[in-house]
Structures are given as C-alpha cells and as structure tokens.
Amino acid sequence: MNKIGMNERVEALKAEAAAALEKAETTQQLEDVRVRFLGKKSELAKLRKGIGALDKAERPAVGKLLTELQRSLAGGIETRLEEIGRQERARQLQNETIDITLPGRAPSFGSEHPISQTARRMIDIFQSLGFETVEGPEIDTEYYNFDALNTPAHHPARDMHDTFYIDCGGKPYLLRTHCSPMQVRYMEQHRPPLRIVVPGRVYRRDADPTHSPMFHQLEGLAVGEGVRFSDLKGVLALFAQEMFGAETRVRFRPSYFPFTEPSAEVDFSCSFCDRDESCRVCKGTGWLEILGAGMVDPEVFKAVEYDAERYTGFAFGMGIDRIAMLKYGIPDVRILFQNDMRFLTQF
Ligand code: PHE
C-alpha cells in the first residue's frame, strides 16, 4: 500500500471508529471499541507493521499519519468515556433516589412494667427520706419467715401465710410470704441506727381479682434510739402525699402482727373521689386499705440480739401491686401478670 491508499484507509478507520463510538453506550462497550481500534490485533497495529515494507521516503509521513490516527482515536474514546460516565451516574442517581419525605419506621423499645415503675417511684420516695434499698432471698427458711418474727409453729398468724414448703436436705425452706424476713437478716448483720426498704416478690395461697399467689411488697424498717410511733406516722403520711397527691391523709386502725407492738392497719384517703357513695375504688368509705405497720416487737430485737431497752423501731409492709393498681386505675390484679401487649403498651 502506498501513501495515497494509506490516507484513504486512515480516513475510513476514523469514520468507522466514530460510528462505533456513537453506538457504544456503556463503559464495557467502549472498552470493546478500544480493543477493536487500538488493540494488538487492530487494523492500526497491522498498518504499523506494514510501514517496514514501504519506500524509505514514505515511511516518516505514514508513521506520522498513523500516530495522528492513534491520538485521534484515543482522544475520541476518552471523550466518549467521560460522556458515558456522566450518563451512567445520572441514570444511577435517578434509579436509586429515595423518598426522604416518607415517614420512618419507629423502632419498638418496649417499656418498663407498671409494677417496676411503681416500685421505682416508691423506692425513690423512701430514698429521699434516707432509707437504703436492700433485697433478700425469695426462698427463705421457716426461721426467718416466721420464728424470728415472733411467729412460732402453730401460731394462728401462720394460717394467713400459707405457702409452698420446699424440702432442701431436711432444712425447712419455703417461698417467703412477706418481705419481713429481711428485717431479721439485715439486723443480724448491722447495728442501729438503720433505715431500709426491701422490695421483692412474695407468695401466698391466694387467687382472686384482688389477690395473686405471687405479688410484690415493699417492706420498711427503721431502728435507732428514740424512734417513735409518730416517726412512723410522719414517714407514711409523707409517702402517701408524694405517691397520691398533697391532699392525701392517712388513718391508723389498731391491728395485730406478731412482730410489731402496737400494730396498725394504715389507710390512705381515696384519691379517686371525695367520699363519694358510688366510688367503686373505696366503695364509698373514702378510705383505701394500704398497708400494715407498727413498732418493732421487743421479741424480734431479742432474736437479733439488740438491746430492746435502748433501741426502738418501726416497720411497715405494703403491696406494690396494690399501689400500682390504685395509681393506674387497674381493676384486676391478674392483668398485671398476663403480659398482654394491649395492656403493657399503655405504659
Ligand atoms: N409483713 C406483713 C404482711 O405481709 C406486713 C407488715 C410489715 C406489718 C411490717 C407490720 C410491719 O402482712
């Protein structure tokens, strides 16, 4: 081939390449075009090899022509590559758009059980009065649950505290019927003055709309020199007001517990009505039975080797579930333990 023929060939190649570039729509197709026109087996490569066969005089001009061709092809590919890249990005952006105005899916975090919320609030109130929070075992011995609390075997008070007994190698274990055993356990380990509250699960043979065989109590104990019944009254009155509102009043009725003397049942004025005949919560009495309390019986001090001549103390015990039911207006204690989501998600 001479120089004239070469010129034609080069022009034809340019035109072919321009058409191929036009058709290429992806970077992959463009890569194919590059191999076809600039690769080792391309026409251009063949033409270069043919230079040696030309007249010496023609070689430089043809060489220059082919170099120009190569530059123009490479430049064309480069330009097209940028174009296609831009198009591909635009297409990608369009396909992958997200609608940021759509409302998000809120993760579900759950919430604290109403009994836990109530217990925490109760503990907070007593903590502000200097009561430390301690916990004790749910499976305890007959000694701590009854005997050390001045309730010997065959004491009639045991009847109201029927529970499961557990045979543990001969030692009489049981599911504790109240949190009072922790009074004894704590006093065995500490000297007065002391102030504690004991939250926890307790068990009794009871099951109806207002009694669950497993329920929760908060026990309180304060011991020191010169601790008086009026201190008990002040602490409980303050608790009642913090829990149910500043207008809440307390009422003490004489009662009996083996481990307190004197003993009292304590009522709070009904926070649902103003002595309303039709009030279903207080049944028209204006009062709600809330807890048992009293001055620590000297017999209990004897069991823990405290000097009953020197120290006095008060104790109280109340149902956390009962307080939660009153606080949230829950009519049936059993709802608290069914774990029905329709109920739990309301807290
Ligand atoms: N432990 C008693 C009960 O569960 C309540 C109570 C505690 C009474 C402390 C007096 C003092 O019935």
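Residues numbered from 1 in each chain as written. Predicted model: local features only at pLDDT ≥ 70, side-chain atom pairs only at ≥ 80, totals over all residues. Heavy atoms only, no water.

Asker: Mind laying out the site of the ligand, listing which residues take part and the relevant values?
Answerer: Close to the ligand lie 14 residues, the nearest being His 178, Ser 180, Arg 204, Gln 217 and Gly 317. Gln 217 places a polar side-chain atom, nitrogen or oxygen, 2.8 Å from an oxygen atom of the ligand. Of all the secondary structure elements, the ones that give two or more residues to the shell around the ligand are strand E6 (214-224), strand E9 (287-296) and strand E10 (312-319). With 3 residues, E10 is the single largest residue contributor to the shell around the ligand. Taken together, the residues of the shell around the ligand sort by class into 5 nonpolar, 7 polar and 2 charged. (Near = heavy atom within 4 Å. Polar contact = N/O pair within 3.5 Å; in protein donor to acceptor, adjacent residues only side chain to side chain. Helix = DSSP H or I, 4+ residues; strand = E, 2+ residues; numbered from the N terminus. Nonpolar A, V, L, I, M, F, W, Y, C, P; charged D, E, K, R; others polar.)

Asker: Just give me the short version of the pairing of E10, but keep the residues and values in it.
Answerer: Look at any regular strand and the pattern is simple: side chains alternate between the two faces of the sheet. Counting buried residues along E10, 7 of its 8 residues qualify, which places the element largely inside the surrounding structure. With 8 bridges connecting them, E6 and E10 associate as antiparallel partners. From the neighbouring strand, Leu 218 faces E10, where its bridge partner is Met 318. Sheet topology places E9 next to E10; 5 bridges connect them, and they run antiparallel. (Buried < 20%, exposed > 50% of the residue type's maximum accessible area, 1.4 Å probe, protein only. Pairing = 2+ DSSP bridges.)

Asker: Tell me about the environment of Ala 53, and please be specific about residues and values.
Answerer: Inspection of the secondary structure puts Ala 53 in the loop between helix H3 (43-50) and helix H4 (59-95). In this structure, the C-alpha to C-alpha distance between Ala 53 and Val 296, residues 243 residues apart in sequence, is 123 Å.

Asker: So what's going on with the pairing of strand E7 (residues 250-257)? Which residues, and what values?
Answerer: Note: E7 against strand E8 (residues 260-269), 7 bridges, orientation antiparallel. The residue of E8 that forms the bridge with Val 250 is Phe 268. From the end of E7 to the start of E8, which pair antiparallel, there are 2 residues.

Asker: Can you break down the sheet that holds strand E4 (residues 171-175) residue by residue, with the values?
Answerer: Sheet strands associate in pairs through backbone hydrogen bonding, adopting either a parallel or an antiparallel arrangement. One open sheet holds the 3 strands; their spatial order is E2-E4-E3, and the pairing between them is antiparallel. The open sheet is flanked by strand E2 (139-141) and strand E3 (165-168), the only strands paired with a single partner. Neighbouring strand axes in the sheet, compared pairwise and without regard to direction, differ in orientation by 40° on average. Of the strand pairs in this sheet, E3 and E4 are connected by 4 bridges, and their pairing is antiparallel. For Asp 167, the partnering residue across the bridge sits in E4 and is Pro 172. (Axes fitted to C-alpha atoms, helices over the stretch in contact; angles between N-to-C directions.)

Asker: Pulling in residues and values, what's your account of the sheet that holds E6?
Answerer: With respect to topology, 7 strands assemble into an open sheet ordered E1-E5-E6-E10-E9-E8-E7, the strand pairing being mixed. The open sheet is flanked by strand E1 (132-133) and E7, the only strands paired with a single partner. Sitting on the sheet, helix H8 (residues 229-244) touches E7, E8, E9 and E10, and the angle it makes with E10 is about 30°. (Contact = heavy atoms within 4.5 Å.)

Asker: Run through helix H10 (residues 320-328), naming residues and quoting values.
Answerer: Inspection of H10 places Ile 320, Asp 321, Ile 323, Ala 324, Met 325 and Leu 326 among the buried residues, and these make up the whole buried set. Tucked inside the fold, the buried residues of H10 contact helix H5 (114-128), strand E5 (194-203), E6, H8, E9 and E10. The first or second residue beyond H10 is Gly 329, which carries a positive phi of 65°.

Asker: Provide a residue-level description of the packing of aromatic side chains, including the pertinent values.
Answerer: On inspection of all chains with the given rule, the structure shows 14 aromatic pairs. Here Phe 126 and Phe 131 contribute two aromatic rings whose centre-to-centre distance is 5.6 Å and whose plane-to-plane angle is 75°, an arrangement assigned as edge-to-face. The buried category is assigned to Phe 126, whose relative accessible area is 0%. Ring geometry for Phe 244 against Phe 268: centres 6.1 Å apart, planes inclined by 70°, an arrangement best described as edge-to-face. Taken together, the positions of Phe 244 in helix H8 and Phe 268 in strand E8 put the pair 24 residues apart, joining distant regions of the chain. Like Phe 244, the residue Phe 268 is buried in the burial classification. Feature note: the residues Phe 126, Phe 131, Phe 239, Phe 244, Phe 268, Phe 314 and Phe 316 constitute an aromatic cluster, connected by ring pairs. One Lys or Arg, Arg 185, reaches over the ring of Tyr 144 and ends 4.1 Å from the middle of that ring. (Phe/Tyr/Trp six-rings, centres within 6.5 Å; stacked < 30°, edge-to-face > 60°. Lys NZ or Arg CZ within 6 Å of the ring centre and 35° of its normal.)

Asker: Which residues make up the pattern of salt bridges, and what values do they have?
Answerer: Taken as a whole, this structure holds 17 salt bridges when the rule is applied. With a closest N to O distance of 3.5 Å, Glu 242 and Arg 121 form a salt bridge. You can see Glu 242 sitting in helix H8 and its partner Arg 121 sitting in helix H5, a full 121 residues away along the chain. A relative accessible area of 43% places Glu 242 in the partly exposed class. Note that Arg 342 is salt-bridged to Asp 340, the shortest N-O span being 2.7 Å. The exposure class assigned to Arg 342 is exposed, which follows from its relative accessible area of 66%. Judged by relative accessible area, Asp 340 falls into the partly exposed class, the value being 26%. Among the charged side chains, a salt-bridge network with shared partners connects Arg 9, Glu 16, Arg 36 and Glu 43. (Salt bridge = Lys/Arg side-chain N within 4 Å of Asp/Glu carboxyl O.)

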